[in-house]
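Residues per chain are reported as follows:
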Amino acid sequence: MHPEALSSYKAIVKNKMFSNAGRLKVNMGNIYYKQKNYHKAIKFYRMALDQISNAHKDMRSKIKHSIAVVFIAMGQYSDAITSLEDIMSETPNITAGFNLILCYHAAGDREKMKKAFQKLISVPLGISDEDKYIPPNDDTSSKMVIEAIKNDKLSQMERDLKARAEKYITTAAKLICPAMDASFASEFDWCVDMVKNSQYVQLANDLEFHKAMTCLRQKDHNQAKEILKTFEKKDSKMKSAAATNLSFIYFQEKDFDQADKYADLAMSADHYNPAALTNKGNTVFVKQDYEKAAEFYKEALRNDSLCTESLHNLGLAYKRLNHLEEALDCFLKLHAILKNSDQVMYQLADIYELMGDRQQAIKWLMQVICVTPTDPHVLAKLGKLHNDEGDKSQALQYYSESFRLFPCKIDVIEWLGVHYIESQFFEKATQYFERATLIQPTQVKWQLIEASCYRKSGNYQKALETYKGIHRKFPENVDCLCFLVRLSTDMDLKEVQEYATKLKKAEKMKEIREQKVKSGQGSTAGGRREGSGGSADSNHSSGSNRGERLSAKMRSLTVSNEPYEADSQKELDASYMDPLGPQIERPKTGAKKRVDDEDDFGDEELGDDLLPE
């Protein structure tokens, strides 16, 4: 009820009987500030300031700070700086010092930021030594008194003031360093030196830690490791945090032995550190000792029941152990904590699929699509599940949408091409196999199917040209030569005899190679020599054998930029912890997926991502 409040204040201010009524103009200024009427707010603040004598320094300081805040809201930083500098010269306080640094930053005055930082760390807090809470002797009454005042409102106020001061100083240091043109490291070292020589010496370790985290986010792993290794002789809490982050870095670099070493060091410094336990579990996980990994994850959860990374990874460990009920329980609990996590919902769908409940799997994947509607892999997975359920129309819809979003997913292309062949839409199928040929030009089967589509659609001339192109690339492909002989015969071409001769020669070479392989199986040494010879002959193999070898080769290839899944070397993320505050900015390792072309439709082998702490 701002208008009514202003009317009442005006009536009181006009009454001469109230000698200190001018102070109420501060309240009127506050109301105008809330109404965003900044010019009137400044006017009333200044009127109040004029009516308060210099004897009331604290009151005048607070009004000046209010004036500065209004100027900041108006974007008039130079005016705000004038008020804040006045405060810092007369009655310095932490809040005004921090706001002064912010104003210098907004104004781009870098040197003054450093000077203001020096003033900020020299502001006395007026808090007495915490030793007063330590009983001087074994006197029972003294202990009772100290126990009573240790958590009273005054001590809570002192702790809050100290925490706020440390937050402002840490934030100011983070703000100053990136603002400098000089190297980040030298500027940060300057801030650390200033803090070490102040009353906030204990913050120096936190700032050093932040420097390491910044290097880590900038992908400067070597510098981060050097800084973190200096914490090995610090107190147990900092030592554990540093070792946790070192374990994280080495894990990302796939140096699992070093990651395991520093995970052990972090646990020895602080055995109740859930991030360290999670990292230890991850290093055991990559060694495929899933039961032991699960024990570490469970211990981390006993220390911190809300450690979502450990709960997620525990579910993955149970999944690898084929304890699907336990894995399902973990991910359902995790879903209750992380309502909209697409990764959690995807894992639930995958587990239900492994349990044979396709309907539940489809239900959870539909929820994933609500969160990430443009994920081609999830759409392809929905298409596969509907296809397994016999619902071809829904499968076609999801596979088509997946292809539209990511037209390079070979199993989706293959399903769509085969679907249109079965539906006798050969021209439509040809478009997909042309795309497959572009993606995998060394796979002869796509080109053979493309030529077959031309032949079945009645475009014999195009089919003939395609087969000739295949023959030029794969001159000893028996299937291609067979179709060339047949088409040449049907079209009464003079090249029939030439292709027939090449076909006989290719079939004979195929028989010779098969005999070599059979004879090579008689002895180990002979097998090695024949294997080497077979490798040398790979460029002259028949089309079908070449296709088999290429399929085997394709199984080892990874396709990146696909969420939720990973091959065995990509699936784990380590934990790291930042003692400076909430762990918001965390290095992420992008999940990857392995495509397993074991059959014509390239069924995918699902992997799992261990979440970072």
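Residues numbered from 1 in each chain as written. Predicted model: local features only at pLDDT ≥ 70, side-chain atom pairs only at ≥ 80, totals over all residues. Heavy atoms only, no water.

An unreviewed UniProt entry lists the protein under the name Intraflagellar transport 88 homolog, with Nothobranchius kuhntae as the source organism.

Student: A description of the overall build of the protein should follow, citing residues and the corresponding values.
Tutor: Helix and strand content of the protein: 30 helices and three strands. Buried residues in the protein amount to 45% of all 613 residues. A fraction of 57% describes how many contacts in the protein between residues 6 or more apart in sequence connect residues 24 or more apart. Accessible surface, the protein: about 31,500 Å² in total, of which carbon and sulfur atoms supply 50%. (Helix = DSSP H or I, 4+ residues; strand = E, 2+ residues; numbered from the N terminus. Buried < 20%, exposed > 50% of the residue type's maximum accessible area, 1.4 Å probe, protein only. Contact = heavy atoms within 4.5 Å. Areas by Shrake-Rupley, 256 points an atom, 1.4 Å probe, with all protein chains shown as cover.)

Student: How would you explain the UniProt feature "repeat: TPR" (unreviewed entry) in the protein if you had to name every residue and give the values?
Tutor: Residues given the UniProt feature "repeat: TPR" (unreviewed entry) here are residues 22-55, 308-341, 342-375, 376-409 and 410-443. Helix and strand shares over residues 308-341 are 79% and 0% respectively, and the end C-alpha atoms of the span are 11 Å apart. (UniProt positions renumbered as here; feature names shortened; annotations may be inferred.)

Student: Could you give an account of the packing of aromatic side chains, naming the residues involved and the relevant values?
Tutor: Between two aromatic rings, the relevant description is the distance of the centres plus the angle of the planes. For the coordinates displayed, the defined rule picks out twelve aromatic pairs. The interplanar angle of 50° and the centroid separation of 5.7 Å between the aromatic rings of Y33 and Y38 together place this pair among those described as tilted. Judged by relative accessible area, which is 31%, Y33 ranks as partly exposed. Their ring planes at 25° and their centres at 6.2 Å tell us that F433 and W446 sit as a pair that is stacked. Linking F433 in helix α24 (residues 426-439) with W446 in helix α25 (residues 444-456), this pair joins segments that are 13 residues apart in sequence. Aromatic rings pair up to connect F403, Y420, F425 and Y432 into one cluster. (Phe/Tyr/Trp six-rings, centres within 6.5 Å; stacked < 30°, edge-to-face > 60°.)

Student: Tell me about unusual backbone geometry, residues and numbers included.
Tutor: The backbone of Q288 shows a phi angle near 65°, a positive value even though the residue is not glycine. Among the secondary structure elements, Q288 is positioned in the loop between α15 (274-285) and α16 (290-303). Residue Q424 is not a glycine yet carries a positive backbone phi of 65°. Note that Q424 resides in the loop between α23 (410-422) and α24.

Student: Explain the nonpolar core to me, using residue names and the numbers behind them.
Tutor: Within the largest apolar cluster, 63 residues are counted, with the highest numbers of intra-cluster contacts made by F209, L228, F285, L314, F331 and L365. No other element matches the nine residues that helix α13 (residues 236-252) contributes to this core. Filtering out sequence-adjacent residues up to four positions away, L314 remains in contact with A294, Y297, K298, L301 and C330. A68, I94, L100 and A165 belong to the second-largest nonpolar core, a separate cluster that totals 53 residues. (Core = buried A, V, L, I, M, F, W, Y, C linked by side-chain atoms within 4.5 Å.)

Student: Mind laying out the environment of P124, listing which residues take part and the relevant values?
Tutor: For P124, the location among the structural elements is in the loop between α7 (110-121) and α8 (140-149). Judged by its relative accessible area of 61%, P124 falls in the exposed class. Placed 30 residues apart in sequence, P124 and I94 show a C-alpha to C-alpha distance of 8.6 Å.

Student: Which residues make up helix α27 (residues 478-490), and what values go with them?
Tutor: Under the 1.5 Å per step criterion, the end-to-end length of α27 is 18 Å for 13 residues, consistent within 8% with the ideal 18 Å. With a side-chain oxygen positioned 3.1 Å from the backbone nitrogen of D479, the residue opening α27 is N477. Following α27 by one or two positions, D492 adopts a phi angle in the positive range, close to 55°. (Expected span 1.5 Å × (residues − 1). Polar contact = N/O pair within 3.5 Å; in protein donor to acceptor, adjacent residues only side chain to side chain.)

Student: Outline the side chain of Q347, listing residues and values.
Tutor: Here Q347 shows up in helix α19 (residues 342-354). A relative accessible area of 2% places Q347 in the buried class. For Q347, the side chain forms a polar contact with the side chain of K319, separated by 2.9 Å.

Student: Outline a positive patch on the surface, supporting the account with residue identities and numerical values.
Tutor: Side chains of K10, K14, K40 and K43 sit close together on the surface and give a patch of like positive charge. Contributions of two or more residues to the positive patch are made by α1 (2-14) and α3 (38-50). Position of K10 among the secondary structure elements: in helix α1. Judged by its relative accessible area of 37%, K10 is partly exposed. (Patch = residues over 30% accessible without salt bridge, like charges linked within 9 Å, V, L, I, M, F, W, Y side chains within 5 Å. Salt bridge = Lys/Arg side-chain N within 4 Å of Asp/Glu carboxyl O. Lys, Arg positive; Asp, Glu negative; His and termini not counted. Charge placed at Lys NZ, Arg CZ, Asp CG, Glu CD.)

Student: Could you give an account of the packing of helix α18 (residues 324-337) against α19, naming the residues involved and the relevant values?
Tutor: In contact at an axis separation of 9 Å, α18 and α19 are set at 155° when each is read in the N-to-C sense. Judged on the interaxial angle alone, α19 and α18 are roughly antiparallel. Between α18 and α19 lies a crossing of left-handed hand. Contacts from L324, A327, L328, F331, L332, L334 and H335 in α18 reach V344, M345, Q347, L348, I351, Y352 and L354 in α19. In the contact of α18 with α19, the residues fall into twelve nonpolar, two polar and no charged. (Axes fitted to C-alpha atoms, helices over the stretch in contact; angles between N-to-C directions. Parallel < 35°, antiparallel > 145°, perpendicular 65-115°, else oblique. Left-handed = near helix turned anticlockwise from the far one by under 90°. Nonpolar A, V, L, I, M, F, W, Y, C, P; charged D, E, K, R; others polar.)

Student: Break down the environment of A73 for me, citing the residues and quoting the values.
Tutor: Residue position: A73 is located in helix α4 (residues 57-74). Among the residues examined, A73 registers a relative accessible area of 37% and is labelled partly exposed. Separated by 37 residues in the primary sequence, A73 and K36 have C-alpha atoms spaced 9.0 Å apart. Leaving out residues up to four positions away in the same chain, A73 has contacts with Y33 and Y38.

Student: For the packing of helix α6 (residues 94-107) against α7, give the residues involved together with the corresponding values.
Tutor: α7 packs onto α6 with a crossing angle of 170° between their chain directions and a minimal axis gap of 9 Å. Here α6 lies roughly antiparallel to α7, going by the angle between them. Residues I94, G97, F98, L100, I101, Y104 and H105 of α6 form the contact with α7, whose participating residues are K112, M113, A116, F117 and L120. Among the residues forming the contact of α6 with α7, the class breakdown is nine nonpolar, two polar and one charged.

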